[in-house]
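# An overview of the molecular structure
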Amino acid sequence: MFGYRVPAPDEAMLISGGKSGKADTPFRVVTGHGAFVLPFFRKVRFLTLAMCEAEVAEACVTKQGIALNVRAVIAFKVGNDDESIVNAAQRFLSDQNQMSVLSGRIFAGHLRSIVGSMTVEEIVTERQKLATEVLDGSKAEMAKIGLTVDALQIQSIDDMKLGYIAAMAAPHNAAIQRQAQIAQAQANQASAEAEQESQRKQAEYARQTSIVQAQYKAEVDKAQAEAAQSGPLANAQAQREVIAAQTELAERAAELRQQQLVAEVVRPAEADAARVRILAAADAEKMRIQAEAAASHNRVALDRMLIDQMPQIVREAAQGLNGANVNILNGADGLSEIAAGLVGQGLAILDTVKKGLSSSVSEPQTPGDEIATQ
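Predicted, not measured: the structure shown is a model, and the values here were computed from it.

Moving on to the nonpolar core. Ranked by size, the top nonpolar core spans 44 residues in total, and within it Leu111 and Leu130 carry the most contacts. For this core, the leading source of residues is helix 2 (residues 98-116), giving 7 residues. Not counting the four nearest positions on each side in its chain, Leu111 is found in contact with Val56, Glu58, Cys60, Val70, Leu130, Val134 and Ile154. Counting residues in each nonpolar core, the second largest holds 6 residues, with Met13, Val30, Ala35 and Val44 among its members.

Over its 18 residues, helix 4 (residues 127-144) runs 27 Å from end to end, which matches the ideal 26 Å to within 8%, given 1.5 Å per residue. Ser138 marks the point of greatest bend in helix 4, at about 40°. Those residues of helix 4 that fall on the buried side of the exposure criterion are Leu130, Ala131, Val134, Ser138 and Met142. Among the structural elements, strand 7 (67-78), helix 2, helix 3 (120-125) and strand 8 (147-158) are those in contact with the buried residues of helix 4. In the segment just after helix 4, Gly146 is the residue with positive phi, at about 85°.

What follows covers the sheet that holds strand 5 (residues 43-48). Sheets are built from strands that pair by backbone hydrogen bonding, the pairs being arranged parallel or antiparallel. Sheet architecture is open: 3 strands sit in the order 3-2-5, paired in antiparallel fashion. The open sheet terminates on both sides in strands that have one partner only, identified here as strand 3 (28-30) and strand 5. Averaged over all adjacent pairs, the angle separating strand axes in this sheet is 30°, with direction ignored. With 6 bridges joining them, strand 2 (residues 11-16) and strand 5 adopt antiparallel strand pairing. Of the residues in strand 5, the one forming a bridge with Met13 is Phe46.

On to the pattern of salt bridges, then. If you walk through the whole model with that rule in mind, you get 6 salt bridges. Here Glu58 and Arg112 are joined by a salt bridge, their closest N and O atoms 2.2 Å apart. Of this pair, Glu58 sits in strand 6 (residues 52-61) while Arg112 is found in helix 2, placing the two residues 54 residues apart along the sequence. Taking relative accessible area as the criterion, Glu58 reaches 18% and is therefore assigned buried. Given the relative accessible area of 39%, Arg112 is considered partly exposed.

A grouping of Tyr4, Val6 and Phe36 is seen on the molecular surface, where their side chains present a nonpolar patch of about 310 Å² in accessible area. In this structure, Phe36 sits in strand 4 (residues 35-36).

As a further point, take the side chain of Ser138. Within the secondary structure, Ser138 sits in helix 4. In contact with Ser138, not counting residues within four places along its chain, are Ile106, Phe107 and His110.

What follows is about the environment of Thr119. Mapping Thr119 onto the fold places it in the loop between helix 2 and helix 3. A residue is classified by how much of its surface remains accessible, and Thr119, at 17% relative accessible area, is buried. C-alpha separation for the pair Thr119 and Val61, spaced 58 residues apart in sequence, amounts to 9.4 Å. Residue contacts for Thr119: discarding those within four places in its chain leaves Lys63 and Gln64.

In this section: the packing of helix 2 against helix 4. Contact geometry of helix 2 with helix 4 gives a least axis separation of 9 Å together with a crossing angle of 130°. The orientation of helix 2 with respect to helix 4, classified from their angle, is oblique. Between helix 2 and helix 4 lies a crossing of right-handed hand. Residue-level inspection shows Ser103, Ile106, Phe107, His110, Leu111, Ile114 and Val115 of helix 2 in contact with helix 4, the latter providing Leu130, Glu133, Val134, Leu135, Gly137, Ser138, Glu141 and Met142. In terms of residue class, the contact of helix 2 with helix 4 is built from 9 nonpolar, 4 polar and 2 charged.

Once that is clear, we can look at unusual backbone geometry. Phi is positive for Met160, which is not a glycine, with a value near 55°. Turning to its location among the elements, Met160 is positioned in the loop between strand 8 and helix 5 (164-319). The class of Met160 is partly exposed, set by a relative accessible area of 39%. The backbone phi angle of Lys161 is positive, close to 65°, even though this residue is not glycine.

Looking now at the confidence of the model for the protein. This prediction gives the protein a mean pLDDT of 78; 76% of its residues lie at or above 70. Within the model, pLDDT remains below 50 along residues 363-374, and this stretch shows 5 contacts once partners closer than five positions in the same chain are excluded.

Turning next to the sheet that holds strand 7. Reading across the sheet, the 3 strands line up as 6-7-8 and stay open at both edges, with antiparallel pairing between neighbours. Of all strands in the sheet, those with a lone pairing partner are strand 6 and strand 8, marking the two edges. Strand-to-strand twist of the sheet, defined as the mean angle between neighbouring strand axes without regard to direction, takes the value 20°. Sheet strands touched by helix 2: strand 6, strand 7 and strand 8. Its angle to strand 6, the strand with the most contacts, is close to 35°.

Scoring rules and cut-offs
Residues numbered from 1 in each chain as written. Predicted model: local features only at pLDDT ≥ 70, side-chain atom pairs only at ≥ 80, totals over all residues. Heavy atoms only, no water. Core = buried A, V, L, I, M, F, W, Y, C linked by side-chain atoms within 4.5 Å. Buried < 20%, exposed > 50% of the residue type's maximum accessible area, 1.4 Å probe, protein only. Helix = DSSP H or I, 4+ residues; strand = E, 2+ residues; numbered from the N terminus. Contact = heavy atoms within 4.5 Å. Expected span 1.5 Å × (residues − 1). Bend = angle between axes of the 7 residues up to and from the residue. Pairing = 2+ DSSP bridges. Axes fitted to C-alpha atoms, helices over the stretch in contact; angles between N-to-C directions. Salt bridge = Lys/Arg side-chain N within 4 Å of Asp/Glu carboxyl O. Patch = residues over 30% accessible without salt bridge, like charges linked within 9 Å, V, L, I, M, F, W, Y side chains within 5 Å. Areas by Shrake-Rupley, 256 points an atom, 1.4 Å probe, with all protein chains shown as cover. Parallel < 35°, antiparallel > 145°, perpendicular 65-115°, else oblique. Left-handed = near helix turned anticlockwise from the far one by under 90°. Nonpolar A, V, L, I, M, F, W, Y, C, P; charged D, E, K, R; others polar. pLDDT = per-residue confidence, 0-100.

Structure follows, in structure tokens:
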């Protein structure tokens, strides 16, 4: 639209030529939005609010009197408030590149001042402290010209080939090198140990592999040997089984023959012997019975003969009393006693004769003697 102007996001629009609304500002500041500007009556200018950079390379002398060349980089910009914008516009609006030049000079002065109050060791080891003190020292001056510093970085510190920094770093370098050598030696030792351990494991693995291969070969050889011997062993086993079967068959045949011999020879012989013994016993028993019968018959006949002869024996005994002077004391009783005595004597004689005959009759040959005689 005609007469309506809008600044960029990183710019401040400055409108001059009229009343700004503030007695202490010569122009009106517009940021972040647009505004109507009357042509020919108002003039519009733009001030950058973007980040700017300034480099500083300054020869400084330390507290020890040692010259150092310090390089630094400053990042700054115009402040966002209206006062900072007005201050920066009044100084740099016609030549905004002068902001970097002036900022570099301001920081160079503060850098020389701060470095002069520090030693080389502090500057080298405490760069952040140096940067902080430079920022703190320049903050007020930068605010007067409407600028704010976002960052300050010390890029390098050089003793301009004096060798002080190198000498200062020598002990540390030696210690670091020593530590590096120790670390390298430890690393080499660890590497050697690892290599030895690897070789040992490889040798152990090779040994185990050889043992396993030898075991496998032994098993294979054994299996092959067993396979090669299996045929003869099987034949030998078969022959042994055949021999065992034949032996068993022969034993059974011998047993059968023995049984046949027993049945054909022993049993008939035993039967004949038993028959002979039975017949002999029967004959002996027969003869014994006959002998006993004959003896019994003889005794019976003898008894009968003696009984028949008893009166004659008694008469003969009584005849012995003929002419004998016998006194009979008791009359008839005495005579009876004499008669009884005679009869008793006859019986005694008869008994004696019987015993004599019995002993002569009872000594015939035994059946065994008779069998033997036969």
